[in-house]
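# Structure assessment
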Amino acid sequence: MTYAITQTCCSDATCIAACPVNCIHPTPQERAFGSTEMLYIDPRTCIDCGACADACPVDAVLPVDSLPDTQQEYAAINAAYFEGVEPERVDEGPNFHPWGAPTFARSLPSDFAPIRVAVVGTGPAGMYAAEDLLLHTNAQLTLVDRLPVAGGLVRYGVAPDHPATRKVGDTFARFHTHPRVRTHLGLEVGRDITAEELAAHHDAVIYAVGAATDRRLGIPGEDLPGSIAATTFVSWYNAHPEVAADTVDLSAERVVVVGNGNVALDVARILVCDPEALAGTDIAGHALEALRASKVREVVLLGRRGPADAAYTRSELLALKHLSGVRLVVDDHDPRIGTSIDAAGPNDRAAVLQGVGRARVDWSLGPAPGRRIVFRFHSGPREILGGESVRGLRVTDGSTQDAGAGPSEAEIPAGLLLRAIGYRGVPVAGLPFDEATGTVVHRGGRVTGRPGAYVVGWIKRGPSGGIGANRACAAETVGTLLADAVSGALPAPTRAPSAFHRLARRRSRRAASR
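Residue positions are given per chain, counted from 1 along the sequence in the order it is written. This being a predicted model, a pLDDT of at least 70 is required before a residue's local features are given, and a value of 80 or more before pairs of side-chain atoms are given or counted; all residues contribute to the totals for chains, interfaces and linings. Think of the side-chain values as coming from all heavy atoms in the structure, minus any hydrogens and water.

## Let's talk about the packing of helix H3 (residues 73-81) against helix H13 (residues 314-321)
Only the stretch in contact is used when fitting a helix axis, every axis being a line fitted to C-alpha atoms; angles between N-to-C directions are given from 0 to 180 degrees. A helix here means a DSSP run of H or I that spans at least four residues, while a strand means a run of E at least two residues long, and both kinds are numbered starting from the N terminus. With their axes 12 Å apart at the nearest point, H3 and H13 run at an angle of 160 degrees to one another. Our classification of the angle between H3 and H13 gives roughly antiparallel. Read as a crossing pair, H3 and H13 show a hand that is right-handed. Residues Glu 73, Tyr 74 and Ile 77 of H3 touch H13, and the partners they reach there are Arg 314, Ser 315 and Leu 318. Under the convention adopted here, Pro, Cys and the residues Ala, Val, Leu, Ile, Met, Phe, Trp and Tyr are nonpolar, Asp, Glu, Lys and Arg are charged, and Gly plus all remaining residues are polar. Of the residues assigned to the contact of H3 with H13, the class counts are 3 nonpolar, 1 polar and 2 charged. An angle below 35 degrees is read as roughly parallel, one above 145 as roughly antiparallel, one from 65 to 115 as roughly perpendicular, and any other as oblique. With the far helix as reference, a near helix turned anticlockwise by less than a right angle produces a left-handed crossing, and one turned clockwise produces a right-handed crossing. In this analysis, two residues are considered to be in contact whenever any of their non-hydrogen atoms come within 4.5 Å of each other.

Put into structure tokens, the structure is as follows:
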């Protein structure tokens with residue numbers, strides 16, 4: 001029996017470090033690390049020890065003979081990654097593969113004095129940075145978050161029917177009560193305290209504030225009632241304190257989701273799945289009741305690109321195929337769509353759509369009976385239609401495009417539109433900001449022109465990469481910070497740590513401190 005990595009893989013490489021026979025790839029030392037959708041276990045070298053499953057923070061590693069019906073495909077997906085690749089072996093010694101020389105990423109002077117570091121944001125990026133500092137240095141940390149509950153995107157951005165993914169938050173939560181950590185929730189930098197005040201009480205400040213807003217479509221009608229960001233919808237069903245319970249209206253039968261990344265698939269799945277399947281999760285109570293009363297029967301996923309270039313991962317698309325009572329349909333309005341799906345190889349993303357029904361959808365008709373998700377590729381939004389609220393979307397239609405002419409158009413009637421085309425960072429008070437990329441200007445995590453200020457996560461590199469990508473990102477930033485500390489480049493704090501805790505309690509009645 002071997003193990004396989006499944007849908008919830010977060011790619012943080014904890015399993016790789018635990019594996020005694022190097023059967024999990026790509027490793028952080030390999031070029032492909034960070035560019036594959038997930039990690040994979042080689043069934044030829046796996047020795048069934050289970051170390052990877054014990055180490056996995058999101059329960060993504062399972063024995064192949066115990067895979068549930070909805071994840072049977074992952075045995076083949078893991079094996080396919082290693083087709084044509086011979087495993088490395090050694091001729092002598094007790095190990096099954098050659099090991100590299102040991103490396104020590106953190107090398108500090110023996111007399112390295114404790115430094116005081118504030119981490120703004122308690123999502124994965126901030127907590128990977130905190131973990132690195134706590135495990136490898138004697139630093140004293142102050143965790144600051146503007147929300148009343150820690151967790152960031154793990155708490156407010158993961159779908160409630162993905163409880164295993166949320167479990168990574170348990171890994172981080174152990175650091176909230178670490179003896180060298182003080183935590184202040186409900187405290188916002190720029191509103192309750194200034195960046196300068198934070199810096200005055202600490203040797204360094206790491207900003208891990210993520211990408212707090214969404215990208216816009218830039219088309220007419222985008223601000224009509226009924227046109228909202230998918231990120232708002234996600235926050236709504238996750239009980240985000242800044243999103244009201246009545247934000248989302250599910251009285252329409254058809255919803256259009258613009259975008260074809262994993263967030264788009266998440267919201268489509270939540271909209272059409274059986275609400276009772278969500279009843280045992282930690283979905284917001286108001287969202288569950290709204291979904292029970294929902295009239296939504298059809299979700300249209302609109303993508304500018306074709307099936308081969310969609311932004312979602314195979315694992316999330318596979319999950320849609322196992323939704324009980326939900327049909328998947330590919331709108332066959334453009335001949336390029338079927339050609340791309342049919343030509344896809346077994347490891348290609350588009351191959352998942354092989355076997356999914358195709359039909360030329362007549363948008364003049366209402367949604368078909370039952371519940372379904374329609375994939376409409378090679379079609380971009382042109383205008384959101386409506387008066388007092390959204391009533392439809394005008395889109396490009398490649399099926400009737402004349403040679404030499406501009407794209408023809410079609411109209412998709414819908415009562416709700418969700419834009420799921422990506423996140424975007426917002427300026428951080430007192431830090432240089434690049435409007436083009438939506439990130440803080442930095443070099444190796446060190447904020448340009450602000451000694452003692454650092455960034456990590458999406459505000460550093462842009463909204464790309466999942467949970468595990470933040471581990472390597474945090475390692476780079478912490479490495480830069482420690483190099484500055486050793487060289488004496490950090491500005492010395494002018495106020496005592498206890499003074500900051502008194503300041504935080506005085507400035508915000510909402511703040512909860514530990």
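## Side note on the nonpolar core
A general tendency of soluble globular proteins is for nonpolar side chains to be buried together. Among buried residues, those of type Ala, Val, Leu, Ile, Met, Phe, Trp, Tyr and Cys that are joined through side-chain atoms within 4.5 Å constitute a nonpolar core. The classification of residues rests on relative accessible area computed with a 1.4 Å probe and restricted to protein chains. Under 20% of the type maximum is buried, over 50% is exposed, and intermediate values are partly exposed. Among the nonpolar cores identified, the biggest contains 105 residues, and Ile 24, Ile 373, Phe 375 and Leu 418 are the most heavily contacted of them. Once residues lying within four places of it in the same chain are set aside, the contact partners of Ile 24 are Ile 5, Cys 15, Ile 16, Cys 19, Leu 39, Tyr 40, Ile 41 and Cys 52. Val 205, Val 428, Phe 433 and Ala 453 belong to the second largest nonpolar core, which has 21 residues in total.

## With respect to the environment of Arg 215
For Arg 215, the location among the structural elements is in the loop between strand E9 (213-214) and strand E10 (227-229). When the C-alpha atoms of Arg 215 and Thr 231 are compared, they prove to be 9.8 Å apart, with 16 residues separating the residues in sequence. Not counting residues within four places of it along the chain, the set of residues in contact with Arg 215 comprises Arg 419, Ile 421, Gly 422, Tyr 423 and Arg 424. Counting of polar contacts relies on pairs of N or O atoms within 3.5 Å, with two restrictions inside protein: one atom must be capable of donating a hydrogen and the other of accepting it, and residues adjacent in sequence are counted only when both atoms are side-chain atoms. A distance of 3.2 Å separates the side chain of Arg 215 from the backbone oxygen of Ile 421, its partner in a polar contact.

## Topic: the packing of helix H10 (residues 262-272) against H13
Where H10 contacts H13, the two axes come as close as 10 Å, and the packing angle between them is 15 degrees. In this view, H10 runs roughly parallel relative to H13, as classed from their interaxial angle. Between H10 and H13 lies a crossing whose hand is left-handed. On the side of H10, the interface is formed by Asn 262, Leu 265, Asp 266 and Arg 269, while H13 contributes Glu 316, Leu 317 and Leu 320. Residues that form the contact of H10 with H13 fall into these classes: 3 nonpolar, 1 polar and 3 charged.

## Thoughts on the sheet that holds strand E12 (residues 298-302)
Strand pairing requires that DSSP identify at least two bridges connecting the strands. Reading across from one edge, E10-E19-E11-E12-E15-E13-E14 is the order of the 7 strands in this open sheet, with parallel pairing throughout. Edge positions in the open sheet fall to E10 and strand E14 (357-359), since each of these has one partner strand only. With direction set aside, neighbouring strand axes in the sheet form an average angle of 25 degrees. Packing against the sheet, helix H9 (residues 230-237) makes contact with E10 and strand E19 (416-419), and its axis sits at approximately 75 degrees to E10.

## What about the sheet that holds strand E16 (residues 381-386)?
Read across the open sheet, the 3 strands follow the order E16-E17-E18; overall the sheet is antiparallel. In this open sheet, the two strands that pair with only one neighbour each are E16 and strand E18 (408-413). Taken over all neighbouring pairs, the strand axes of this sheet differ in orientation by 25 degrees on average, direction set aside. Pairing analysis gives 6 bridges linking strand E17 (residues 390-397) to E18, with the strands arranged antiparallel. Within the sheet, the bridge partner assigned to Arg 394 lies in E18 and is Glu 411.

## What to know about the packing of aromatic side chains
Within 6.5 Å between ring centres, the rings of Phe, Tyr and Trp (the latter by its six-membered ring) count as paired, and their orientation is classed by plane angle as stacked under 30 degrees, edge-to-face over 60, tilted in between. Within this structure, the stated rule accounts for 8 aromatic pairs. When the centroid spacing of 6.5 Å and the interplanar angle of 70 degrees are considered together, the rings of Tyr 312 and Phe 375 count as edge-to-face. Here Tyr 312 is found in the loop between E12 and H13, whereas its partner Phe 375 is found in strand E15 (residues 371-376), with 63 residues between them in sequence. Overall, the relative accessible area of 0% leaves Tyr 312 in the buried class. Members of the aromatic cluster, joined through ring pairs, are Tyr 40, Tyr 81 and Phe 82.

## Some details on the side chain of Asp 484
Note that Asp 484 resides in helix H16 (residues 469-487). A relative accessible area of 9% places Asp 484 in the buried class. Among the polar contacts made by the side chain of Asp 484, one reaches the side chain of Tyr 454 at a distance of 2.6 Å. If we ignore the near neighbours within four places in the chain, the residues touching Asp 484 are Arg 446, Tyr 454, Ala 489 and Leu 490.

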